[in-house]
Amino acid sequence: MDSKASPLLFIALLCLLSSTSTAFNITKILAQYPEFANFNDLLSQSGLAQEMNSRQTITVLALDNGSIDGLSGRPLEIAKRILSAHVILDYYDQLKLSKLQKASTIVTTLYQASGIADDQQGFLNISRTAEGIKFGSAMKGAPLVASLVKSVYTQPYNISVLQVTEPIETPGIENIAPPPPPGAAAAPPKKAPAPAPTSKTPAAPPTAKTPAKSPSKAPAPTKEEPSTPTEAPTEGPAAADADVPASSPVAADADAPASSSVADETPAAAPAKAASSRMHVGGAAVHTSLSGKSKMAVRLLTRIRTELESAKSTAMISTKVSTIEPD
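Residues numbered from 1 in each chain as written. Predicted model: local features only at pLDDT ≥ 70, side-chain atom pairs only at ≥ 80, totals over all residues. Heavy atoms only, no water.

K.L.:
Just checking my understanding: could you explain the overall build of the protein chain for this structure?
P.N.:
Summing up its helical and strand segments, the protein chain has 13 helices and seven strands in all. Across the 327 residues of the protein chain, 27% fall into the buried class. Counted over contacts in the protein chain with a minimum sequence separation of 6, partners at least 24 positions apart contribute 62%. (Helix = DSSP H or I, 4+ residues; strand = E, 2+ residues; numbered from the N terminus. Buried < 20%, exposed > 50% of the residue type's maximum accessible area, 1.4 Å probe, protein only. Contact = heavy atoms within 4.5 Å.)

K.L.:
When you look at the sheet that holds strand β7 (residues 159-164) in this model, what are you seeing that I'm missing?
P.N.:
Strand-to-strand pairing in sheets goes through backbone hydrogen bonds, with the strands running parallel or antiparallel. With respect to topology, seven strands assemble into an open sheet ordered β2-β1-β7-β6-β5-β4-β3, the strand pairing being mixed. The open sheet has two free edges, formed respectively by β2 (87-88) and β3 (104-108), since each of these has just one partner strand. (Pairing = 2+ DSSP bridges.)

K.L.:
I would appreciate a short explanation of helix α6 (residues 76-84) in the present structure.
P.N.:
Side chains three or four residues apart in an α-helix point the same way, a direct result of the helix having 3.6 residues per turn. Turning to α6, its buried residues are Ile78, Ala79, Arg81, Ile82, Leu83 and Ser84. On its buried face, α6 sits against α3 (37-46), α4 (48-53), α5 (69-72), β2 and α8 (110-113).

K.L.:
Explain unusual backbone geometry to me, please; I cannot follow it from the model alone.
P.N.:
A negative phi angle is the norm for most residues apart from glycine, just as the trans form is the norm for most peptide bonds. Phi at Asp119 is positive, roughly 60°, even though this residue is not glycine. With respect to the element layout, Asp119 can be found in the loop between α8 and β4 (123-129).

K.L.:
Quick question: what am I supposed to make of the side chain of Ser84 here?
P.N.:
Looking at the secondary structure, you find Ser84 in helix α6. Sequence-distant contacts of Ser84, defined by excluding residues within four places in its chain, comprise Leu48, Thr109, Leu110 and Tyr111.

K.L.:
So what exactly am I meant to see when it comes to the nonpolar core here?
P.N.:
Ile26, Phe39, Leu43, Met52, Phe135 and Val161 are the most contacted members of the largest nonpolar core, which has 45 residues in total. If sequence neighbours within four positions are ignored, Phe135 has contacts with Leu61, Leu97, Asn125, Ile126, Leu144, Val145, Ala146, Leu148, Val164 and Ile168. (Core = buried A, V, L, I, M, F, W, Y, C linked by side-chain atoms within 4.5 Å.)

K.L.:
Help me understand the pattern of salt bridges, please; the structure alone is not making it clear to me.
P.N.:
Side chains bearing opposite charge may pair, as long as their charged atoms lie close to each other. Summed over the entire model, instances satisfying the criterion amount to six salt bridges. A salt bridge links Lys134 to Glu131, with the shortest nitrogen-to-oxygen separation between them at 3.4 Å. The class of Lys134 is buried, set by a relative accessible area of 15%. A relative accessible area of 69% means that Glu131 is categorised as exposed. One connected set of salt bridges, linked through shared partners, spans Arg74, Glu169 and Glu174. (Salt bridge = Lys/Arg side-chain N within 4 Å of Asp/Glu carboxyl O.)

K.L.:
So what exactly am I meant to see when it comes to the side chain of Ser160 here?
P.N.:
Residue position: Ser160 is located in strand β7. In this view, Ser160 contacts Ile58, Thr59, Val60, Tyr91, Tyr92, Asp93, Tyr153 and Thr154; residues no more than four positions away in its chain are not counted.

K.L.:
Just checking my understanding: could you explain the pairing of strand β1 (residues 58-62) for this structure?
P.N.:
When a strand is regular, its side chains alternate between the sheet's two faces. Counted residue by residue, β1 has five buried out of five residues, so it is predominantly covered. Residues of β1 alternate between two faces, with Ile58, Val60 and Ala62 on one and Thr59 and Leu61 on the opposite face, all of them buried. Where β1 meets β7, five bridges bridge the pair, whose relative direction is parallel. Note on β7: the bridge partner recorded for Thr59 is Ser160. Sheet topology note: the β1/β2 ladder contains two bridges and is antiparallel. Each bridged residue has a counterpart across the sheet, and for Thr59 the counterpart in β2 is Ile88.

K.L.:
What's the story with the packing of aromatic side chains in this structure? I'm lost.
P.N.:
For any pair of aromatic rings, geometry is given as the distance between the ring centres together with the angle between the planes. Per the stated rule, a full pass over the model turns up one aromatic pair. Between Tyr91 and Tyr157 the ring centres are 5.4 Å apart and the planes differ by 50°, which places this aromatic pair in the tilted class. Of the two residues, Tyr91 is situated in the loop between β2 and α7 (94-98) and Tyr157 in the loop between β6 (144-155) and β7; the sequence distance between them amounts to 66 residues. For Tyr91, a relative accessible area of 6% translates into the label buried. (Phe/Tyr/Trp six-rings, centres within 6.5 Å; stacked < 30°, edge-to-face > 60°.)

K.L.:
Looking at this model, I keep getting lost on the packing of α3 against α6. Mind explaining?
P.N.:
Any two packed helices are characterised by how steeply their axes cross, that is the angle between the axes, and by the distance between the axes. Orientation of α3 relative to α6, taken along the N-to-C sense of each, is 115°, at an axis distance of 10 Å. Taken together, the axis directions place α3 and α6 in an arrangement best described as roughly perpendicular. Read as a crossing pair, α3 and α6 show a hand that is left-handed. On α6, the residues touching Phe39, Leu42, Leu43, Gln45 and Ser46 of α3 are Leu76, Ala79, Lys80 and Leu83. Each residue belonging to the contact of α3 with α6 can be placed in one class, and the counts come to six nonpolar, two polar and one charged. (Axes fitted to C-alpha atoms, helices over the stretch in contact; angles between N-to-C directions. Parallel < 35°, antiparallel > 145°, perpendicular 65-115°, else oblique. Left-handed = near helix turned anticlockwise from the far one by under 90°. Nonpolar A, V, L, I, M, F, W, Y, C, P; charged D, E, K, R; others polar.)

K.L.:
Honestly, the confidence of the model for the protein chain in this entry has me stumped. Any pointers?
P.N.:
Regions with low pLDDT carry predicted coordinates that are not meant to be interpreted in detail. Scored by pLDDT, the protein chain has a mean of 71; 54% of the residues are at 70 or more. Under a pLDDT of 50 for its full length, residues 184-189 has, in the predicted model, zero contacts with residues more than four places off or in other chains. Across residues 210-290, where pLDDT falls below 50, the model places 36 contacts with residues more than four positions away in sequence or in other chains. (pLDDT = per-residue confidence, 0-100.)

Dropping the structure here:
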């Protein structure tokens, strides 16, 4: 029993799927009503019938041959836009319309699904009035222009065909640019032509010039830098020693037997160093003042200083010798 029921169940499922994939055919439905022949032809010519058949649930606001004449002379693309606003993407039959609780109901149309509708152009306004059910665009300020005449065909919850008095034209629907054809790919950007090769050899980039070095300035002499070893007479104490008579001590002590040897053994470096250090302090001034004089004057001054130093040393030695001589 189960083996026989399985094939039957499979066939039933196939039939159900095939019936739901093509729930209706709007062209065949309208072909049964000659008063809608022009409306049916316009749906097929514009390709709108194929889009309607691909839907599972729609409500069609149909126009008879007398009411459709106003759309016959329009461009086919404009007529398609106007008629797509007559296809509601929901099921409404005459009974359901009579039970609407709100005075106005906004519904979505097939034109909204096209993707080119602007603002509220893809919506319809269904209103209950004292004169009956009326339809109009949901755009702000649009009037209710079409009235419900009768129910033409119903296939519950799949398709309902309702006759209305006149076309519902949405404001501004004719001014919208047409959509691109389906499957049309955007053209790739054109590549800029490559420049033709030239026979000229490209010039080498200019090399950066090395900036010339500015001549360096010689460092200025500082005060601590040793001055030129030019001997000059010392100031202060040296000048005081100049009053000592040089001839008498030298002549008086000439007979001393140890005068020459002691004089030779006397360390002259220490006095000279002291004199040199005194000269170092004012050496620059002496050197500057004597820079323009003759070398003879410098030598003379040096000789005077040397004789003064020798006279001092001789006097000190003579004093020491005289103290150690026996009475």
